[in-house]
Amino acid sequence: MSECLFCKIVARTIPAALVYEDEQVVAFDDINPQAPIHTLVIPRTHFASMAELQDADVTLLGRLMLAGNKVASLKGIADAGYRFVVNTGIHGGQSVFHLHLHVLGGRHMGWPPG
Ligand code: AMP
Ligand code: ZN
């Protein structure tokens with residue numbers, strides 16, 4: 001997926017403020033933060049959205065979520081609490097079509113979401 005923005009971040013051909021990485025995922029700060037802490041966790045492998053995941057991808061999905069927990073600890077928001085968001089498809093508000101987990105924190109999150 002040479003034209004995918006987030007694949008380019010994985011490949012380091014465009015810069016990002018890296019927060020965490022391992023064999024399966026990369027985490028970097030969102031360029032347009034919606035909260036004091038706003039980091040994205042993405043799989044190194046390209047999936048257009050959550051809707052593409054299959055049973056075989058359950059371990060990767062777990063890795064994505066646990067990496068979100070690591071990000072929360074690294075950013076110092078684990079105790080206060082935080083929110084994971086995965087926008088999926090057009091009605092879900094997705095704008096970048098490489099699966100990503102938003103990790104949001106540093107302020108109280110409203111409910112319901114917009
Ligand atoms: P979504 O709307 O759920 O698809 O989220 C896409 C997110 O990617 C948005 O919050 C954008 O601010 C963020 N974003 C877009 N381009 C970049 C970039 N180059 N580096 C970091 N975050 C980005
Ligand atoms: Zn991609």
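Preceding block: the structure.
Residues numbered from 1 in each chain as written. Chains lettered and ligands numbered in written order. Predicted model: local features only at pLDDT ≥ 70, side-chain atom pairs only at ≥ 80, totals over all residues. Heavy atoms only, no water.

1. What to know about the sheet that holds strand S5 (residues 101–105)
Then comes step 1: Spatially, S1-S2-S3-S5-S4 is the arrangement adopted by the 5 strands of the open sheet, whose pairing is antiparallel. Since the sheet does not close on itself, it has two edges, and those belong to strand S1 (18–21) and strand S4 (82–85), each with one partner. Taking the axes of each pair of neighbouring strands and ignoring which way they run, one obtains an average angle of 20° across the sheet.
Then comes step 2: The sheet contact formed by S1 and strand S2 (residues 25–29) spans 3 bridges and is antiparallel. (Pairing = 2+ DSSP bridges. Helix = DSSP H or I, 4+ residues; strand = E, 2+ residues; numbered from the N terminus. Axes fitted to C-alpha atoms, helices over the stretch in contact; angles between N-to-C directions.)

2. A word on the environment of Lys-75
Then comes step 1: Following the sequence through the fold, Lys-75 ends up in the loop between helix H2 (58–74) and S4.
Then comes step 2: Assessed through its relative accessible area of 27%, Lys-75 is described here as partly exposed.
Then comes step 3: Expressed as a C-alpha distance, the spacing of Lys-75 and His-38, which sit 37 residues apart in the sequence, is 9.5 Å.
Then comes step 4: Those residues in contact with Lys-75 that sit more than four places away from it in its chain are Val-19, Asp-29, Ile-37 and Thr-39. (Buried < 20%, exposed > 50% of the residue type's maximum accessible area, 1.4 Å probe, protein only. Contact = heavy atoms within 4.5 Å.)

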